[in-house]
Amino acid sequence: MGKNLVYKILGSHLVEGKLEPGTEIAIRIDQTLTQDATGTMTYLQFEAMDVPRIKTELSVSYVDHNTLQDGFENADDHRYLQTVAARYGIHYSKAGNGICHQVHLERFGRPGKTLLGSDSHTPTGGGIGMIAIGAGGLDVAVAMGGGPFYLTCPKVAKVNLTNRLKPWVSAKDVILSILKMLTTKGNVGTVIEYGGDGVKTLSVPERATITNMGAELGVTTSVFPSDEVTRAFLKAQRRESDWAALAADIDADYHRVIELDLAAVEPMMAKPHSPDNIATVKELAGTKVDQVMVGSCTNSSYRDLMIVASLLKGRRVFPDVSFGVAPGSRQVLEMIARNGALADIISAGARVLESTCGFCIGAGQAPKTGAVSIRTSNRNFEGRSGTKSAKVFLASPESAVAAALAGGILDPRDLGIPYPEIGLPEQFWVDDSMVLPPAKDPLSVTVFRGPNIGDPPAAEPLPETISGVVAIKVGDKITTDHIMPAGSRLKYRSNIPKYAEFVFEGVDAAFSKKALENKKAGVHNVVIAGASYGQGSSREHAAICPMYLGVKAVIAKSFERIHAANLINFGILPLTFANEADYEVAGAGDRVEIGEIKAALQAGKDLLLKNVTKGKTAALKYALSSRQREILLAGGLLNYTRFRS
Ligand code: MIC
Ligand code: SF4
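Residues numbered from 1 in each chain as written. Chains lettered and ligands numbered in written order. Predicted model: local features only at pLDDT ≥ 70, side-chain atom pairs only at ≥ 80, totals over all residues. Heavy atoms only, no water.

J.: Can you walk me through the sheet that holds strand β3 (residues 31–35) in this structure?
T.: Pairing between sheet strands relies on hydrogen bonds along the backbone, with the strands arranged either parallel or antiparallel. Overall, mixed pairing links the 6 strands, which are arranged β7-β6-β3-β4-β5-β20 in an open sheet. Each edge of the open sheet carries a strand with a single partner, namely β7 (131–134) and β20 (435–436). With 4 bridges joining them, strand β6 (residues 114–117) and β7 adopt parallel strand pairing. The residue of β7 that forms the bridge with L115 is A132. (Pairing = 2+ DSSP bridges. Helix = DSSP H or I, 4+ residues; strand = E, 2+ residues; numbered from the N terminus.)

J.: Teacher, can you tell me more about the site of ligand 1 here?
T.: Around ligand 1, a shell composed of 14 residues is seen, among which H65, D119, S120, S538 and R539 lie nearest. In the environment of ligand 1, an oxygen atom lies 2.8 Å from a nitrogen or oxygen atom belonging to the side chain of R384. At a separation of 2.8 Å, an oxygen atom of ligand 1 approaches a polar side-chain atom of R493. Taken by itself ligand 1 offers 340 Å² of open surface, and the protein chains cover 97% of this. Split by residue class, the shell around ligand 1 holds 2 nonpolar, 7 polar and 5 charged. (Near = heavy atom within 4 Å. Polar contact = N/O pair within 3.5 Å; in protein donor to acceptor, adjacent residues only side chain to side chain. Areas by Shrake-Rupley, 256 points an atom, 1.4 Å probe, with all protein chains shown as cover. Nonpolar A, V, L, I, M, F, W, Y, C, P; charged D, E, K, R; others polar.)

J.: Would you explain the pairing of strand β22 (residues 524–528) in this entry?
T.: Side-chain direction in a regular strand flips from residue to residue, so the side chains alternate between the two faces of the sheet. Counting buried residues in β22 gives 5 out of 5 residues, a clear majority hidden from the surface. The alternating pattern of β22 places H524, V526 and I528 on one face and N525 and V527 on the opposite face, and all of these are buried. Relative to β22, strand β21 (residues 466–473) is paired through 5 bridges, and the arrangement is parallel. Across the sheet, V470 pairs through a bridge with V526, a residue of β22. Sheet topology note: the β22/strand β23 (residues 551–556) ladder contains 4 bridges and is parallel. Paired with V527 across the two strands is V554, which belongs to β23. Handedness of the β-α-β unit built from β22, helix α18 (residues 541–548) and β23 comes out right-handed. (Buried < 20%, exposed > 50% of the residue type's maximum accessible area, 1.4 Å probe, protein only. Right-handed = clockwise from strand over helix to strand, strands pointing away.)

J.: Hey, could you run me through the nonpolar core in this one?
T.: One recurring pattern in soluble globular proteins is that nonpolar side chains are buried together. Of all hydrophobic cores here, the largest spans 85 residues; its most connected members are F504, F511, Y533, L573, L575, I594 and L601. Counting 60 residues, the second largest nonpolar core, distinct from the first, contains V294, I345, A403 and V435. (Core = buried A, V, L, I, M, F, W, Y, C linked by side-chain atoms within 4.5 Å.)

Any functional reading would require information that these geometric values do not contain.
See the structure below:
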């Protein structure tokens, strides 16, 4: 049997373990990326490791999430990030240079390399043939310090693409079709490898749209081969020498093969409030629209913006619609400014926004009460837009513009205009002057710390017995946006005691106060949850802040990969019910106990949940490697690393 592409790249980076699905492996990381919202904690933790200089081939710190600067906090964070980067050998991409995933694809990604990013959409790099994985900031800090990244060796599923997309159908419709098939649940521990004849019909930015939203499937990452299309993209970015050919062997082995006929894909949308709640645009046609937003790391490439501009040229956005456009990078913005496409967008009545995440993370552009908002981004969780009652639909740029012109959802094929052909430019506009290289004389750099920058809180070793209360009980598909809201709260990312005031804000506004009171009274907090707990982002604050509030265990029906790893890194036990029906055994407010924890973890034995209030019990399981059990016993990854060195 030949090798698939995923195992070829993992194999060439393997430092511990064997490529056997389900077992723990460790891989060498070539490149890292961070963004400002997760970056400050990442670098504070990196500094705490006392490593004089990064050991990766390349590390880039992007400022793209929180650039509103309403108050001193963001600006202080940015200056901290800039100086810490200069000091330790990291490239710093200034605010305004673009969204991390878009810029990394354009300027730094290299086929066959590994990339670890403190952002869940890091798999965008799979579009250029990288194994690009999202992780918590602490894992990224360890990788910058030269440590390997531990993960469960994935199963590899192949999506075999045949034929080519019809006009008006684009990459977003492909990934929405895959989300319809595979949903957001049950894909943990899998990597998707794209192959088949259809691959060559998709450009690198289109491939990147598809791998970007693999994050919504919950897979570890997604990857495309590196071929002549990849070479042409890199050449147009003036870095052909970064290209390498990469493909699976013809007789490669896969855990599963999924067939997808590109010619059969229809314009699709994800309905509120989950990226897997899919319908065809035709089915939704006629729904009145209040807001349309184009941008985010999913759909803000030159190709996407040119489609938008061509469709808007000489037309006007429906008067009732608020229409915003955020180009993904300064490269994209500069190119559409120079070729006149930006003028077409402005003349049509668009609000042109900064090249940042912005609306996608609820930092501005919150829709009106009860609004229907059509967005080209990747997540439509309830309240993420900043307006709890808003109904967010995810769509391709083509479908988004159709809605903006018509004032309601419309299949773009019914616009009655010819489909614009947008090819790859022969030459992208290349100017890296907004990426500051690290200082030549690092010791001369003083790292700036404004008053918003606190110390990362230390985790405590696990107690022998968790004795406390169910501080909250939640249902299925609880996202990290539910646990740790972003949007207007983003500016507190570097200030854990303050940010912790907002844990579960939209679910139970009293949670934080209650939990902190319990902690002060020596009562441990336990969270009970349904399936797929921790979907969505990589933000480790969804573990750090609960840790700060005294949460010792989360008992769920199942967990998402990045969040489970973050809980472990910060010393919170991620446990599952041996029998899912036992979810009913305890409710919010019940006194509970989990005893003999250390002995059970050391022996790899199950634990027992005792509901002291109701006199009931439930067996609890965990899927932890021996290394992870040691991390938990030490009270988190930082303590574990300290004890070992
Ligand atoms: C997101 O899309 O939710 C974010 C904001 O990019 C997060 C990172 C964060 O919370 O800072 C992610 O996807 O990991
Ligand atoms: Fe930024 Fe949105 Fe992409 Fe997250 S999903 S990195 S917030 S653009």
